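Per-entry structural report
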Amino acid sequence: MTADRRGPGGAKMDPDRKRFSRLTAAALRPLVITGAGVSAESGVPTFRGDDGLWRSHRAETLATPRAFAADPGLVWQWYDWRRSRVAPARPNPAHRWITNYLAERPHGLLVTQNVDGLHRLSGLPDPVEIHGSLWTVRCTVCGAEAEDRRVPLPIPPRCAGCGGLLRPGVVWFGEPLPAAALERAVTAAAVADLVLVVGTSAVVYPVAGLPALARDAPLVEINPEPTPLSPGAMFAVRARAGEFLGPLC
Ligand code: BJW
Ligand code: ZN
């Protein structure tokens, strides 16, 4: 038995993990992009598919400024429910593998669409949380931003400074992404020598467009289902991220 047939724990490596390890090990400036699927094995619901419904509302109709303007209480109930699901959730082996991988690659970057904070909780110091955070609130009147970890929240929550209505500190459809975060993501894509996409349906822009900016970098995807990025992938791992990456941690 040769050494390269064994995983980090000494177990024999299957061909998919062997190929994945070879591709990821070669990269010095990897761009890792994650979506809701990376947190699914931590018990956090995804947005689309069967998981994506909340009291018969779709995420697409709740995650909008229009929905909030029409019924802030309803939208806050959804976020309060999600905060209650995420609060006890812990990082899974996929978060841990990504954290360890990037710890060894100071020129690599993680861009996550997730607002759950699990990458940070797994020890990753500076993830680009490009759609914001479930744990941040912003005043719709004075603009003050604050961390707020109360579960449950009083609905609707009010600003401690001016009494104005608070909104979740996340990016809704039709809203611009935070400029600094987007710039970091675009710059990382332009210089990446590998793009690893984990657990996203890759239908929401501009994040879904980042891999296309990494012209010659190979694309590796981990997702049990095909996505619009799959045809362009050098290697698509059809597996659950935590299950696949766990033995490689
Ligand atoms: C597993 C797994 C396991 C399961 N392991 N995998 C270009 C073309 C077309 C449209 C647009 C475009 N540019 C912009 C748009 C409009 C719009 C958009 O993209 N629309 C499309 C849907 C058509 N984009 C925007 O509006 C963005 N803003 C913008 O572009 O602004 C421009 C502007 C400039 C100047 C002024 C004004 C405006 C904003 C997008 C914001 C998205 N927000 C949300 C909500 C965030 C807050 C919250 O969480 O509540 O972000 S929507 C929701 O979708 C959330 C997610 O981050 C995002 C992506 O979802 P994700 O992560 O991919 O989850 P799922 O559920 O879709 O997929 C899970 C995947 O995991 C599946 O594939 C499973 O198979 C897989 N999986 N288990 C691995 N164990
Ligand atoms: Zn205020």
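The preceding data block contains the structure.
First, a word on what this report is: a plain description of the structure on this page. (Residues numbered from 1 in each chain as written. Chains lettered and ligands numbered in written order. Predicted model: local features only at pLDDT ≥ 70, side-chain atom pairs only at ≥ 80, totals over all residues. Heavy atoms only, no water.)

The next subject is the nonpolar core. The biggest cluster of nonpolar side chains holds 25 residues, and the ones touching the most others in it are Val75, Trp76, Trp78, Tyr79 and Trp172. Looking at this core, the elements that each hand over two or more residues are α3 (59-62), α4 (65-70), α5 (72-86), β6 (132-139) and β8 (166-170). Take this core: its biggest share by element is five residues, from α5. Two domains each donate at least three residues to this core, and these are domain 1 (1-44 + 90-131 + 177-249) and domain 2 (45-88 + 134-170). Listed in part, the 24 residues of the second largest apolar core include Ala27, Ala94, Leu124 and Ala241. (Core = buried A, V, L, I, M, F, W, Y, C linked by side-chain atoms within 4.5 Å. Buried < 20%, exposed > 50% of the residue type's maximum accessible area, 1.4 Å probe, protein only. Helix = DSSP H or I, 4+ residues; strand = E, 2+ residues; numbered from the N terminus. Domains from an automatic or database assignment.)

Here we come to the coordination of the zinc ion (ligand 2). Listed as protein donors to the zinc ion (ligand 2) are Cys139 (SG), Cys142 (SG), Cys159 (SG) and Cys162 (SG); their distances from the metal cover 2.3 to 2.4 Å. Around the zinc ion (ligand 2) sit four donor atoms; with metal-centred angles ranging over 98 to 118°, the donor geometry is tetrahedral. Along the chain, the residues donating to the zinc ion (ligand 2) are arranged with the sequence spacing C-x2-C-x16-C-x2-C. One end of the pair, Cys142, is in the loop between β6 and β7 (145-147); the other, Cys159, is in the loop between β7 and β8, and 17 residues separate them in sequence. (Donors = N, O, S within 2.8 Å, 3.2 Å for Na, K, Ca; no water. Tetrahedral: all angles 85-135°; square planar, octahedral: opposite > 155°, others 65-115°.)

Read from one edge to the other, the open sheet built from three strands follows the order β7-β6-β8, with strand pairing classed as antiparallel. In the strand order of this sheet, the two ends are held by β7 and β8, each with one partner. Across the sheet, the mean angle from the axis of one strand to that of its neighbour is 40°, orientation sign disregarded. When β6 meets β7, the two strands line up antiparallel, connected through three bridges. Bridged to Val137 within β7 is Ala146. Across the face of the sheet, α5 comes into contact with β6 and β8 while running at roughly 140° to β6. (Pairing = 2+ DSSP bridges. Axes fitted to C-alpha atoms, helices over the stretch in contact; angles between N-to-C directions. Contact = heavy atoms within 4.5 Å.)

Following the criterion strictly, the structure yields eight aromatic pairs and no others. Taking 6.4 Å as the distance between ring centres and 70° as the angle between the ring planes, the aromatic pair formed by Trp76 and Tyr79 counts as edge-to-face. With a gap of three residues between them, Trp76 and Tyr79 both fall in helix α5, about one helical turn apart. Measuring from ring centre to ring centre gives 4.8 Å for Trp78 and Tyr79, while their planes differ by 65°; the resulting arrangement is edge-to-face. Grouping aromatic residues by their ring pairs yields a cluster made of Phe68, Trp76, Trp78, Tyr79 and Trp172. Directly above the ring of Trp78 sits Arg82, whose terminal nitrogen or CZ lies 4.5 Å from the centroid. (Phe/Tyr/Trp six-rings, centres within 6.5 Å; stacked < 30°, edge-to-face > 60°. Lys NZ or Arg CZ within 6 Å of the ring centre and 35° of its normal.)

With that settled, consider the site of ligand 1. Ligand 1 sits among 35 residues. The nearest are Arg48, Tyr79, Arg82, Thr200 and Ser201. A distance of 2.8 Å is found between a nitrogen atom of ligand 1 and a backbone nitrogen or oxygen belonging to Glu175. Contacts to ligand 1 include Asn223, whose side-chain N or O atom sits 2.7 Å from an oxygen atom. Protein contact buries 73% of the 1500 Å² of open area that ligand 1 shows by itself. Contributions of two or more residues to the shell around ligand 1 are made by α2 (37-40) and α5. A per-class count over the shell around ligand 1 returns 19 nonpolar, 10 polar and six charged. (Near = heavy atom within 4 Å. Polar contact = N/O pair within 3.5 Å; in protein donor to acceptor, adjacent residues only side chain to side chain. Areas by Shrake-Rupley, 256 points an atom, 1.4 Å probe, with all protein chains shown as cover. Nonpolar A, V, L, I, M, F, W, Y, C, P; charged D, E, K, R; others polar.)

For the rest of this paragraph, the subject is the environment of Arg55. Mapping Arg55 onto the fold places it in the loop between β2 (53-54) and β3 (57-58). Distance from Arg55 to Ala26, taken between C-alpha atoms, is 45 Å for residues 29 residues apart in sequence. A polar contact of 2.8 Å, which involves the side chain of Arg55, links it to the side chain of Gln77.

By the alternation rule, side chains of strand β4 (residues 109-112) split into Leu109 and Val111 and Leu110 and Thr112, which are all buried. Judged from the two bridges that link them, β4 and strand β5 (residues 128-129) form a sheet pairing that is parallel. Across the sheet, the residue bridging to Val111 is Val128, located in β5.

Applying the stated rule across the entire model yields 12 salt bridges. One salt bridge connects Arg105 with Glu104, and the closest N-O pair in it is separated by 3.5 Å. Taking relative accessible area as the criterion, Arg105 reaches 12% and is therefore assigned buried. When its relative accessible area of 60% is taken as the criterion, Glu104 is described as exposed. (Salt bridge = Lys/Arg side-chain N within 4 Å of Asp/Glu carboxyl O.)

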